[in-house]
Amino acid sequence: MGQVTAPLLLTLADRCKNQPVYMMRFFYPKKGGLCLLLLLSALLLKAQTPPAWSAADIYLQIKKLKVLGSVLYMAAHPDDENTRLLAYLAKDRLYRTGYLSLTRGDGGQNLIGDEQGIDLGLIRTQELLAARRIDGTEQFFSRAFDFGFSKSTEEALSTWGKDKILSDAVWVIRSFQPDVIITRFPEDARAGHGHHSGSAVIAHEAFRAAADPNAFPEQLKLGVKPWKVKRIIWNTFNFSGNNTTSNDQLKIDVGGYNAVIGKSYGEIAAESRSQHKSQGFGVPAARGVAFEYFTPVEGDAAKTDIMDDVNVSWSKIEKGTAIEAKIDELLNNYSLSNPERSVPALVNLYKEISNLSEGYWRIQKLQEVQQLIERCSGLFMEVNATSEFVVQGDTMRVVATLNNRLGANIQLTRFTLDVFDSTFNKTLAPNNNNTFAKSIYVFTTKPVTQPYWLEHKMTEGSFTVKEQSFIGRAESIPSYLATFEVKVEGQPFTFTKPVQFKFTDPVKGELYRPLVVVPPATVSTEPGIVIFRKNEKASEDIMLRVTANKTFDHFTAKVSKRLKYDNSITNDTNFSLIKGLNKPYYFTINNGMLKGLEQDNVQAFVELKNGKVEQPAWLNVTSIQYDHIPPIHYFYQDAVKVLNIDLKTVGKRIGYIEGAGDKVPAALEQMGYEVVVLKENNINAALLKNLDAVITGVRAYNVHDFLFTKYDVLMEYVKNGGNLIVQYNTNNLISTVRSRIGPYPFNISRNRITDEKAKVSFLLPEHPVLNYPNKITEADFDGWIQERGIYFPEQLDSAYKSILSMADPGEPALNNSLIIADYGKGKFVYTGLVFFRELPAGIPGAYRLLANIIALNKKKGF
C-alpha cells in the first residue's frame, strides 16, 4: 500500500488494552528550521471551523503584542488543568500560555460512549483542544500513555519510562521557553494519583534539565538550546477534601471580569472545562473574587507575583523600546469599526520586528503580527475538498477561495498545493470572492491520514514517536496544506491553510471536517470475538468484508484468512466493485485449527490486481463521531479474536441495561446468551420474569435517573427468583446509591485495585460463584489488563457476602470487589471488577467468572 512498513496487529479488543500494539508507520517530509516553528504552526491548524475574530478580539491581541512573557502549566491528564488560571494568564495577563498534559487520558472512563483506551485518548485530545480554543491556551502532550489509575509515583514513572517522558518535557520547555512553570500537583501522596505526582516529578526535573547542556544533548542539534526557567511553582488546591492552600502562600485573584471579552475568567473557565464531555465535567459559570495559591518548588522565589523579577516588556530585546512605542501608537489609533485602518501600521511593525536580531520573541511576535494583519484586513482564505475522503491513486477536487473583505491593499502572487504551483499578479478587490478549482492527483505513496503517535508500535506505558519535531504536538500535520502568497501594502506574506471538507447540514448548517486520505480499499472482519468451548468440536463462520473506496473494474482478488497454524485463500477472478460498496467473503473456522492454542487472531489480507496494477488491502478504519469534536479516523488491521476455552454457561436470556457505554453485550452474545436490551419503558415485571439475569452497564445508575424509579420492580424481580448484577458506579450520588441500588444498603467508595497482576484470594472458596458451572482458580485472573477493579462498595449490610480478596503492593487487602446477597428467592450482585475492559480484550477467566455470576440463581440447593 506504499509507506506501510510494519504489519498491524492491533485488533478491536487490543485497542482497549494496556499492552504493546503494532501501529502503522508513515513517513513525513522533514521540515527545516527551528522545531519551535513547527510547534507554532500547529497552533494555526488545530481548529476545523475557521474562528471568527471580533474587533474586540483584535484589540486584545494588539495589546498582547506588548507582552513578552510565557507560562507553561504541567499536569498528567486532560481535565487536570486549572482552566480559570489559564484563562486569566492568557486573556488578562496576555502571556503566551501553554498546558503540557503528559497523557491523553486514554485510561479514563467514558460517560458518552463505549470507546476505551486509544480511542478514548483520541476523544479526550479533541476535547482538550476545544477547551484551549476557549481559554486561549496552547496544548502540548508527551508520549506517556494513560494506563489507568496508579497509586504510586514510582509505578507511573517506571511504566511510562521516566527518561523518555522527561526528555519530552525538556523538549517542550526548550521549544516553548517559559519564564515560569506551574504544576497542578505536588510530588507526594497529596497528589492523589501516581500520574499526578509523577507529572510533578517530571516537571521539577525538566526544570533543571532544560537548562543543562549535558542533558539530552541530541536535542541541541535540532534547533533548540538550553533554556533556564526563572522558577517552578506549585498551584496548590482545595478539592476532594484535600486543602493544600494556606494564607502564607502567594495568592492572586483570578476571578476578574474582562470587559473586552464580556466574560469573567470564571465564566470562560466553565465553558472551557465543560468541553470534557466524555468525563461528565460540565460545570456552572463562576463570578466574583477567586484566589489561586502558589508555593515555590525551585528557582527564584516569587513574593508578590508569579512573574516577580521577570521582564515581560520589549525592553528585554535590543532595540525593543521603539517597537513598544509603535504598538502603543497602534492601540491609540485602533478603530473598532474600521480595523482595516490599522493594516499599514501593522505592516510597518512587521518590518521593524523583522529587522531585530534572531530570537524566540522575534519569531513569536512576527507570527502574531501576521495573524493580526489577516484579521484586521478581513482577509478570508480557505481551501476545501469536495469530499471528506480522498483515495490513494485517485484525484481530489479542491476549491480555493480568497476574499479581501475590508478592502485592504492586497495582491495575490502565488498559490501552491502539493505539486500544483500557480503564480498570480492579482489585486484583490474589496469583498469579492476569488475562487478557483483544481483537480489534484493523490499519489499512491501519499500516507493515509493517521494520528502521528499511532504510527509505530507502542510500549506498555508510552507511544513511540520517532520524529523529534512531532513530540509535544497535539495533533498531526494535516494531510494537505495549501499556501497563499500575498503582498499587503507591498510586503510579502505567506499564509498556510489546511485543505478541509466543507458541507452544509440541513439542521446544523455549515460544517468543516478534516480531510482524510484513505487506501483504495479497506478490510474489516466480523464478529469481533469467537468463543469455542475447549474439547467440544465446533465451527463458526467469519466474514471478511472488502469495501471499495474507489471503483474497481475487472480486478482479481486474492483473499487470505490467516491463523497461526491455518491459512486459507479464496480467489475471486472478477472483482468489480463500485466506489462505496462492499463485498463479503466467508470462511469457516473451527477450534481444531488452533492446534491447542487458547487464543489466536484471524487476520485478513487482500491482494487486488489488474494487469500490472497491484493494490494490497489489509487496513480497516475506525471512525469516532460526536457533535462536540471533529470526526476522528484512524487505521488499523482488524482481526477476529478467537478463544478456545473451558467455558460452561447456564441460562439463556439476559436483560442488559446500558450505562455510560461498554462492549459487554457483544461479549454476552458470543458466550451464547440472547441479550435483551432494557430501556425505561420495558423494565416491567412481565418482561423481567422471562430473563435469567439482568445486568446493568457501567455507571448505569450515574447516567440514568429512571433506574431509581425502577428500584421496586427490579427488587421484586430478584425477590421472585431473579438475578440482578450491577457493574460499577461512581460515588458522586452516595446517598441515593446507598438506598436505591441493592436490597440492603452499602456505600460506593473510590477503592480500587490498580495492579492488574494483584494476587486474588478466595474468601469463600466453596461459594457457587467460584464453582458453578466453571471451577474458578487463580489462573482465571491471569492476563487481566489495566486493573482488577474500581469503585468497590463499602460499609456493607451484613446480608452481603464478600467473595474475593486482593491488594495492591504495600496496601491492605480489599475484600469487596464482588459482593452477593440473597433476597427472597433470588440473588443480588454488585461488582467493581472491570469486566467492561476484560471481556473485549478476550480474557478467558473474565468470561468464566461472569458465566458463574449469571448462573447464581440456577444452582440447586443454594
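Conventions used here
Residues numbered from 1 in each chain as written. Predicted model: local features only at pLDDT ≥ 70, side-chain atom pairs only at ≥ 80, totals over all residues. Heavy atoms only, no water. Buried < 20%, exposed > 50% of the residue type's maximum accessible area, 1.4 Å probe, protein only. Helix = DSSP H or I, 4+ residues; strand = E, 2+ residues; numbered from the N terminus. Contact = heavy atoms within 4.5 Å. Axes fitted to C-alpha atoms, helices over the stretch in contact; angles between N-to-C directions. Parallel < 35°, antiparallel > 145°, perpendicular 65-115°, else oblique. Nonpolar A, V, L, I, M, F, W, Y, C, P; charged D, E, K, R; others polar. Core = buried A, V, L, I, M, F, W, Y, C linked by side-chain atoms within 4.5 Å. Polar contact = N/O pair within 3.5 Å; in protein donor to acceptor, adjacent residues only side chain to side chain. Pairing = 2+ DSSP bridges. pLDDT = per-residue confidence, 0-100. Expected span 1.5 Å × (residues − 1). Arc of directions from axis to C-beta.

(A) Just helix 2 (residues 55–64), in detail. When helix 2 is considered as a whole, its buried residues turn out to be I58, L60, I62 and K64. The inward-facing, buried residues of helix 2 abut helix 3 (83–91), strand 2 (96–101), strand 9 (257–258), helix 9 (320–333) and helix 11 (360–377).

(B) Representation of the packing of helix 3 against helix 4 (residues 117–135) in the model. Interaxial distance between helix 3 and helix 4 falls to 9 Å at its minimum, and their mutual angle equals 45°. Accordingly, the angle class assigned to the pair helix 3 and helix 4 is oblique. In contact with T83, L86, A87, A90 and K91 of helix 3, helix 4 contributes R132, I134 and D135. A per-class count over the contact of helix 3 with helix 4 returns 4 nonpolar, 1 polar and 3 charged.

(C) Highlighting the nonpolar core. One finds L668, L804, F828, Y830, Y847 and I854 to be the most contacted residues of the largest nonpolar core, which totals 79 residues. Here the element with the most residues in this core is helix 19 (residues 844–854); it accounts for 7 residues. Membership of the second largest hydrophobic core comes to 52 residues, among which are L331, V343, I353 and V517.

(D) A look at the side chain of N434. Relative to the helices and strands, N434 is located in strand 17 (residues 433–441). Polar side-chain contacts of N434 include one of 3.1 Å to the backbone oxygen of N432. Those residues within four positions of N434 in sequence are excluded, and the remaining contacts are A400, T401, L402, K426 and L428.

(E) Examining the pairing of strand 22 (residues 521–526) more closely. Burial analysis of strand 22 places 5 of its 6 residues in the buried class, which makes it a mostly covered element. Relative to strand 24 (residues 539–548), strand 22 runs antiparallel, the two being bridged by 6 bridges. Paired with T522 across the bridge in strand 24 is T547.

(F) Quick peek at unusual backbone geometry. The omega angle of the peptide bond from E526 to P527 is -5°, so this bond is cis rather than trans. A cis geometry characterises the amide bond from Y772 onward to P773, with omega recorded as -5°. Looking at the secondary structure, you find P773 in the loop between strand 38 (760–762) and strand 39 (793–794). The phi dihedral of R699 is positive, around 60°, even though this residue is not glycine. Along the chain, R699 turns up in the loop between strand 35 (693–696) and helix 14 (700–703).

(G) Representation of the sheet that holds strand 35 within the structure. Strands sit in the order 34-33-35-36-43-42-40 across an open sheet of 7 strands; the sheet is mixed. The two strands at the open ends of the sheet, each matched to only one other strand, are strand 34 (674–677) and strand 40 (801–802). Relative to strand 34, strand 33 (residues 653–657) runs parallel, the two sharing 4 bridges. By the bridge assignment, R653 is partnered in strand 34 with E674. The strands touched by helix 19 are strand 33, strand 35, strand 36 (723–727), strand 42 (818–823) and strand 43 (826–831); relative to strand 36, the strand with the most contacts, the crossing angle is about 140°.

(H) Molecular detail of the confidence of the model for the protein chain. Across the protein chain, pLDDT averages 91, with 93% of residues at or above 70. Long-range and interchain partners of residues 1–47, a stretch whose pLDDT sits below 50, account for 151 contacts in this model, where long-range means more than four residues apart. Below a pLDDT of 50 lies the segment residues 733–738, which in the model reaches 10 contacts outside its immediate sequence neighbourhood of four places, other chains included.

(I) Focus on the sheet that holds strand 1 (residues 70–75). Strand order in the open sheet made by the 7 strands is 3-2-1-4-5-11-8, with mixed pairing throughout. Since the sheet does not close on itself, it has two edges, and those belong to strand 3 (138–141) and strand 8 (250–253), each with one partner. The sheet shows a mean angle of 30° between the axes of neighbouring strands, taken without regard to direction. Note: strand 1 against strand 2, 6 bridges, orientation parallel. Its bridge partner lying in strand 2, M74 is registered against L100. Sitting on the sheet, helix 4 is in contact with strand 2 and strand 3, with an inclination near 155° to strand 3. Where helix 6 (residues 162–176) meets the sheet, its contacts fall on strand 1, strand 2, strand 3 and strand 4 (180–183), and the angle it forms with strand 1 comes to roughly 165°.

(J) Quick look at helix 9. For helix 9, built from 14 residues, the straight-helix expectation of 20 Å at 1.5 Å per residue is met to within 8% by its first-to-last C-alpha distance of 20 Å. Residues G320, I323, I327, L330 and L331 constitute the buried set of helix 9. On an axial view of helix 9, the arc spanned by its buried residues comes to 95°, and they lie on one face. Facing away from the buried side of helix 9 by over 90 degrees, the exposed positions are T321, N332 and N333. Buried residues along helix 9 sit against helix 2 and helix 10 (343–354).

(K) Inspection of the environment of A211 at higher detail. Inspection of the secondary structure puts A211 in the loop between helix 7 (194–209) and strand 5 (231–236). Residue classification places A211 among the partly exposed residues on the basis of a relative accessible area of 31%. The sequence separation of A211 and A557 amounts to 346 residues, and the corresponding C-alpha distance is 58 Å. Not counting chain neighbours up to four residues away, the residues in contact with A211 comprise P226, W227 and K228.

(L) Here's a closer look at the environment of K151. Locating K151 in the fold gives a position in the loop between strand 3 and helix 5 (153–160). Residue K151 is classed as partly exposed on the basis of its relative accessible area, which comes to 30%. It is 33 Å that separates the C-alpha atoms of K151 and F708, two residues lying 557 residues apart in sequence. Once residues lying within four places of it in the same chain are set aside, the contact partners of K151 are G194, R752, T754, D808 and E811.

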